[in-house]
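Letter by letter, the chains look like this.
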Amino acid sequence: MVPTRGSSQLTPPLQGGDAVAVVAASSAIDDASRLQEGLELLSSWGLQPLPWDASKRRWGYLAGTDDQRRTDLNPSPTAPLLACARGGWGAARLLEEPIRWQPGWLLGFSDVTALLWARLAAGIDGGIHGPLLTTLAGEPLWSQQRLQDLLFGRALPDLRGDTWSAASMGTGAVRGPLVAANLTVATHLLGSPHVPALQGAILVLEDVAEAPYRLDRMLTQWRLLGLLQKLGGLCFGRFSDCNDQDPKRGGFSLEQVLRERCSDLGIPVLSGLPVGHGPGGNAALPMGRLAELDPAQGCLRLL
């Protein structure tokens, strides 16, 4: 795998004994036991979590003030892996002040999309869209192994999905930098300087607890900005609890919205990737690394 943007250095694989620092950039931690289970799993891989006693840190619904949470991103001593504790809300607030991004890996998803995108937009390699510390221990074994392999520099298996149409397969395989995101969080970054280059990118989107009309509204914003039309390929992960809960209200289903808003882009589209919230696994994806979307094989692979 090679970096595809302006990062000056490819993040090196972890080694046994490397340190892990906890980052609580978003909502307050409401289950410290799950966080501890995630740290114990990383320890079983030979990594060394740094002491961290801020699990009860709270400021309103956030895991501390903006300054406190921003400080987590530059721990002392430094660590080659920053593992985010949980999602929720709050990470984007940290971008209001300049962040001194340290080299290494940054792991998380959901609300952490804000940090992953900002790092990638700044040309910093090492972002991983993947499990949070509070979800890691509950991941299936294949997902845990995938994350371990990614961190330690081993090859990753292809991810399989569903190709939407024969016309999509006719476009052939495409290659581009891999960009993953929670749709809601990424949409609220549009127009800011924290959006990575999307021209020719392979974009993987996921979300949770959003009604179809809200997904329609967000994807329409992307279309109005011309961003979906710039992509090389598009993949949909899991959209958990995103169907209308009241069938009497009528309207469009989740699948109808995704297809209607994205089928006319003239690019290959895969759905059903094991990425995002909910059961089934949250496959780790290295941000900005070169990937190939092969609609004929229905797969997304890292190169």
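Quick caveat, the model's predicted, so the values are computed rather than measured.

### Some points on the state of the cysteines
- As enumerated under the stated definition, the model contains 0 disulfides in all.
- For the unlinked cysteine Cys242, the closest cysteine sulfur is that of Cys262, found at 14 Å.
- By relative accessible area, which is 1% here, Cys242 ends up buried.

### Brief notes about the nonpolar core
- The biggest cluster of nonpolar side chains holds 71 residues, and the ones touching the most others in it are Trp222, Leu234 and Leu300.
- If you tally residues by element for this core, the top one is helix H3 (residues 113–121), at 6 residues.

### Here's the deal with the pairing of strand E10 (residues 233–240)
- In terms of burial, E10 is largely enclosed, as 8 of its 8 residues are buried.
- In the sheet, strand E9 (residues 202–208) pairs with E10 via 6 bridges, with the strands oriented parallel. Paired with Leu203 across the bridge in E10 is Leu234.
- Crossover handedness for the path E9 to helix H8 (residues 212–224) to E10: right-handed.
- Both E10 and strand E11 (residues 269–271) contribute to a ladder of 2 bridges, which runs parallel. Looking across to E11, one finds that Cys235 is bridged to Leu270.

### Regarding the environment of Ile267
- Considering the arrangement of structural elements, one finds Ile267 in the loop between helix H9 (254–262) and E11.
- Classification of Ile267 by relative accessible area gives buried; the value is 11%.
- Taking the C-alpha atoms as reference points, Ile267 and Arg238, separated by 29 residues in sequence, lie 20 Å from one another.

Conventions we followed
Within any chain, residue numbers begin from 1 and follow the written order of that chain's sequence. Note on the predicted model: pLDDT of at least 70 is required for a residue's local features to be given, and 80 or more for side-chain atom pairs to be given and counted; whole-chain, interface and lining totals, by contrast, use all residues. Side-chain numbers here rest on the full set of heavy atoms in the structure, without hydrogens or water. Two cysteine sulfur atoms form a disulfide, by the criterion used here, when they sit within 2.5 Å. In this scheme, a residue with accessible area under 20% of its type's maximum is buried, one over 50% is exposed, and one in between is partly exposed, where area comes from a 1.4 Å probe on protein chains only. Side-chain atoms within 4.5 Å link the members of a nonpolar core, which is a set of buried Ala, Val, Leu, Ile, Met, Phe, Trp, Tyr and Cys residues. Every helix listed is a DSSP run of H or I at least four residues long, and every strand listed is a run of E at least two residues long, numbered separately from the N terminus. Only strands joined by at least two bridges in the DSSP assignment are considered to pair. When the strands point away from the viewer and the path from the first strand over the helix to the second turns clockwise, the crossover is right-handed.

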